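Overview (structure and organization)
These are the residues of each chain, in order.
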Amino acid sequence: MDTWLAKKAAATNIVLNKWGLTEVFERSYFYFTSVLYSSRRFQIPPLLQYPSVACNPFVTQILYKQMKFKKSLLGILPIFLALTTISNDAISQNKPVFLTKSQVLEDLHWLRFSLEYVHPRLYKYDTKKTVDARFDSLEKVIGKKISGLDFLALITKANAKVHCGHLYTIAQGNLSNEVLKKKVLPFYIRIVDGKLYLFNDCSEFSIPNGSHILSINGKSDTDILNAILPGIPADGYIQTRKIKLAERYFFYAFQGFDLYYYLFTDRSNVFKIDYLTFGTNHKKTITLKGISSEERKEILLHRYNIDEEIWFKTPSPKFETNDKDNYAVLTVSRSFYDKTIDPNFDSLLSSSFHSIKEKKIDKLILDLRNNEGGDEYQQMELMSYLYDKPFRLYQNIYLSHLDFRPLKRVIIERDTAELLFNNDDEYMRKVNDNLWINNYEYSDNLQLKDPKPNVFKGKLYVLMNGTCFSSAGDLISDLKKTTDAVFIGEESGGTFEGPTGGNDIVIELPNSKIMVRISPNLQIGYLYQKHPIGRGVLPTYSINYTVQDIVEHTDLEMEFAKKLINNAQK
């Protein structure tokens, strides 16, 4: 079996090289396996030890089924699997996907049934009547034929209305190829105060950073944002998360401005841009040819020394002290472990908080900005150093069903012989036909953990933004409930009460082959407190960037935290 897979991997990698996708899969492989090793919850097939094989999408889909999962990570696993869905046969084709009405109706039937059966918060933000009407309206807009891209846009926007950031809609096969090989704008977009601004122009015209984009191909920046923002999945009513995902320039297969613009606004290869030049405010019009995302990536690196993958390559966590002003900074930018670049998480925390205690530092800046979440172990370890009483991550864990056999026709990434969860020891107790609750503390995340001997008892300053999601968003909520921390930045990207996360039930719509990842779990945070429904943790001090701040690379959150510390010293 291993020999056959290795040969198949070699053949598929030739195709990947042809399409310029090898590096994408290598990146996703190292990202994924670093999470697996750090979580201590997985058995990894031996063949995955060889990157030339393991980063191969054909092989990873097969080997995934052999892996023994106890619990999926909240935000990390969907990212890797989204990048490993292009098969050898699909990549070799280049025909646009089209679907008949009967094919679309069948796919919509399975999407509706799967969401109704699996998602535990389908009716949290809308009544059942409203949700039913939404599904019914989808069927009415379908003509005799529809392109795969139009169908992807349709259900992506429909799924976004569930208000669940863990509900992923991901193109696969030839449709994924259409998404990845599209032409994109030759620059980056930033969103400030509801307006679009241009950064890092990769065309030959060198448009200044911070120039205000008035329109693209006749559509105003307001019209563009109104078209794309409703199609971006986020928890509850949190807009900061949507903005951060719109400004994203990696995970091209299922996130980022390029994808959202392409799906919801315009699929041209040429872009007529009306803009106001930064600094002079002169109005100009220019027509730019679209380029591939790989071409832009290369230009960014050589022209601006910007590495799109720097987030993956920056060690996390990082600790430093300022002995002069008696404060420390702990930066946790990622919640997964990459042994090639990251320090040992446990050792770094232990030495850091020992140093804080030895030096009698009573002010700590915890920088969680851009942390997407991931390993709950890291979340719990941080809490044990920051809260001086016994703590557990969740009050309860709920599950929509134990029996997922009704989805056997469309379910993937799971052995179909194991669609009925074993409840012999009654670890789950039935609440009603659509909800089960943990019956005892079978999970580490439901058990009280004592604080560390070197627990921090000084003043905590938390830097956060809308990217803080999943376990990172939960950590911010935990700190809000248990400490008197000062929160600086913008609303966190995950809802305060806890996520819809955990194990994924992954379906593949039979005709379009679109993957939809649905989380059947509700994880209610410990020490629940009343909070606005559908909102994340709101900052004590809101930070609002101007275009000038972004052009000058000013770190407003860090500067503000240091200012508060200096004022407290006086």
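Scope of this entry: the structure provided in the associated data block. (Residues numbered from 1 in each chain as written. Predicted model: local features only at pLDDT ≥ 70, side-chain atom pairs only at ≥ 80, totals over all residues. Heavy atoms only, no water.)

Some points on the sheet that holds strand β12 (residues 318–322)
Strand order in the open sheet formed by six strands is β12-β13-β14-β19-β20-β24, with mixed pairing between adjacent strands. Each of the sheet's edge strands pairs with one partner strand only, and the pair in question is β12 and β24 (541–542). Pairing between strand β14 (residues 363–367) and strand β19 (residues 459–464): five bridges, direction parallel. What sits directly across from L364, in β19, is L460. Strands β12, β13 (327–331) and β14 of the sheet are contacted by helix α16 (residues 345–358), whose axis makes an angle of about 10° with β12. (Pairing = 2+ DSSP bridges. Helix = DSSP H or I, 4+ residues; strand = E, 2+ residues; numbered from the N terminus. Contact = heavy atoms within 4.5 Å. Axes fitted to C-alpha atoms, helices over the stretch in contact; angles between N-to-C directions.)

Points about the sheet that holds strand β5 (residues 168–170)
Spatial strand order, β5-β22-β21-β16: four strands in an open sheet with antiparallel pairing. Because the sheet does not close on itself, it has two edges, and the strands there are β5 and β16 (411–412). Relative to strand β22 (residues 515–518), strand β21 (residues 505–508) is paired through four bridges, and the arrangement is antiparallel. Note on β22: the bridge partner recorded for I507 is V516.

Points about the nonpolar core
In terms of nonpolar packing, the biggest core is built from 84 residues, with F151, F257 and I273 touching the most fellow members. Of all hydrophobic cores here, the second largest spans 36 residues; its members include L349, L382, I397 and I476. (Core = buried A, V, L, I, M, F, W, Y, C linked by side-chain atoms within 4.5 Å. Buried < 20%, exposed > 50% of the residue type's maximum accessible area, 1.4 Å probe, protein only.)

A word on the environment of S102
Residue position: S102 is located in helix α7 (residues 101–118). S102 sits in the exposed class, given a relative accessible area of 54%.

Side note on unusual backbone geometry
Omega for the peptide link from S316 to P317 comes to 0°, which places this bond in the cis form. Among the secondary structure elements, P317 is positioned in the loop between α15 (310–313) and β12. Even without being a glycine, F251 presents a positive backbone phi close to 55°. Relative to the assigned elements, F251 resides in the loop between α12 (239–246) and α13 (257–264). Overall, the relative accessible area of 0% leaves F251 in the buried class.

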